[in-house]
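Now for the letters of each chain:
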Amino acid sequence: MRAKRETKKNDSAPVLRIRRAKPSDFETIIPMAFALQAYEASVEEAVQITEKTKKDLEKFIRKNLKRKDARFFIAYLGKDPVGYVSGWLSKSNITATGKAYGFICDLFVLEPYQRQGVGKELVAELMRWFDGNGVEYIEAYTYVTNPPGRRFWEKEGFGENMIRYLMKRTKE
């Protein structure tokens, strides 16, 4: 069943609500952030889950929920949180024009709600915030070993502009 952003009184489809997250939403976001971390570990050998990486992720989420130049948005179907997106304004200058650019850090939607427009709506909400901040370029990363992620970002209008290389070193 496709999620609807707005619904009529007689429509039984769940209503999708997206709202800005606050620092007090940490307990809502962190299980989804851990699920994203687990998914990334399943598609990318370099991503390892340890107690240290879990603690680092908790610290990262807490810190970024408080940043004035960052935003987290949470998607709800009914009362249930089903996904989140996070991003921020970059202080770096990679554009030839010298204008600000945005960075999308995380996008996660619980598996039963994927391919129902939830991710698209989360990204649209973050894009509106970027637009309000004069952002001209937006960066998003996904692993080359994540075909669904690559397809999603391409459908959203993103294109490849850089190849990042990674080498695993082995001890001899």
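Please read these numbers as outputs of a predicted model, since none were measured by experiment.

Student: Looking at this structure, how should I read the overall build of the protein chain?
Tutor: Assigned secondary structure in the protein chain consists of four helices and five strands. Ordering the α and β elements of the protein chain from the N terminus gives β-α-α-β-β-β-α-β-α. Of the contacts formed within the protein chain by residues at least 6 apart in sequence, a portion of 61% connects residues at least 24 apart. Taken as a whole, the protein chain presents about 11600 Å² of accessible surface, with 52% of it coming from carbon and sulfur.

Student: It is not clear to me how the packing of aromatic side chains should be interpreted in this structure. Could you clarify?
Tutor: Geometry of an aromatic ring pair is reported as the spacing of the ring centres plus the angle between the planes. Going through the model one piece at a time under the given rule, you end up with seven aromatic pairs. A ring pair is formed by Trp-88 and Phe-103, whose centres lie 5.3 Å apart and whose planes are at 45°; its orientation type is tilted. Here Trp-88, found in strand E3 (residues 80-89), pairs with Phe-103, found in strand E4 (residues 101-109); they are 15 residues apart in sequence, far enough to count as distant. Between Phe-103 and Tyr-141 the ring centres are 5.1 Å apart and the planes differ by 70°, which places this aromatic pair in the edge-to-face class. One end of the pair, Phe-103, is in strand E4; the other, Tyr-141, is in the loop between strand E5 (137-140) and helix H4 (147-155), and 38 residues separate them in sequence. Phe-103 sits in the buried class, given a relative accessible area of 12%. An aromatic cluster is present here, built from Phe-60, Trp-88, Phe-103 and Tyr-141 joined pairwise through their rings. Across from the ring centre of Tyr-76, 4.9 Å away, lies the NZ or CZ of Arg-17, which sits over that ring. Residue placement shows Arg-67 over the ring face of Trp-88; its charged tip is 4.8 Å from the ring centre.

Student: Honestly, the sheet that holds E5 in this entry has me stumped. Any pointers?
Tutor: Strand order in the open sheet made by the five strands is E1-E2-E3-E4-E5, with mixed pairing throughout. This sheet does not close on itself; its edge strands, each paired only once, are strand E1 (16-20) and E5. In this sheet, adjacent strand axes meet at a mean angle of 25° when their direction is disregarded. Two strands pair when backbone bridges link them, and E1 and strand E2 (residues 70-77) are joined in this way by five bridges, in the antiparallel orientation. Bridge assignment links Ile-18 to a residue of E2, and that residue is Ala-75. Along the sheet, helix H2 (residues 51-66) makes contact with E2, E3 and E4, crossing E2 at roughly 105°.

Student: For this particular structure, what's the right way to read the nonpolar core?
Tutor: As a rule of thumb, soluble globular proteins bury nonpolar side chains together. The biggest cluster of nonpolar side chains holds 20 residues, and the ones touching the most others in it are Phe-73, Ala-75, Ile-104, Val-118, Leu-122, Leu-126 and Phe-130. Going through the elements one at a time, E1, E2, E3, E4 and helix H3 (118-132) are the ones with two or more residues in this core. Broken down by element, this core gets its largest block of residues, seven residues, from H3. If we ignore the near neighbours within four places in the chain, the residues touching Leu-126 are Arg-71, Phe-73, Val-85, Ser-86, Gly-87 and Ile-104. The next biggest cluster of nonpolar side chains, apart from the first, holds 15 residues, and it includes Ala-21, Leu-36, Phe-72 and Tyr-84.

What counts and what doesn't
Residues numbered from 1 in each chain as written. Predicted model: local features only at pLDDT ≥ 70, side-chain atom pairs only at ≥ 80, totals over all residues. Heavy atoms only, no water. Helix = DSSP H or I, 4+ residues; strand = E, 2+ residues; numbered from the N terminus. Contact = heavy atoms within 4.5 Å. Areas by Shrake-Rupley, 256 points an atom, 1.4 Å probe, with all protein chains shown as cover. Phe/Tyr/Trp six-rings, centres within 6.5 Å; stacked < 30°, edge-to-face > 60°. Buried < 20%, exposed > 50% of the residue type's maximum accessible area, 1.4 Å probe, protein only. Lys NZ or Arg CZ within 6 Å of the ring centre and 35° of its normal. Pairing = 2+ DSSP bridges. Axes fitted to C-alpha atoms, helices over the stretch in contact; angles between N-to-C directions. Core = buried A, V, L, I, M, F, W, Y, C linked by side-chain atoms within 4.5 Å.

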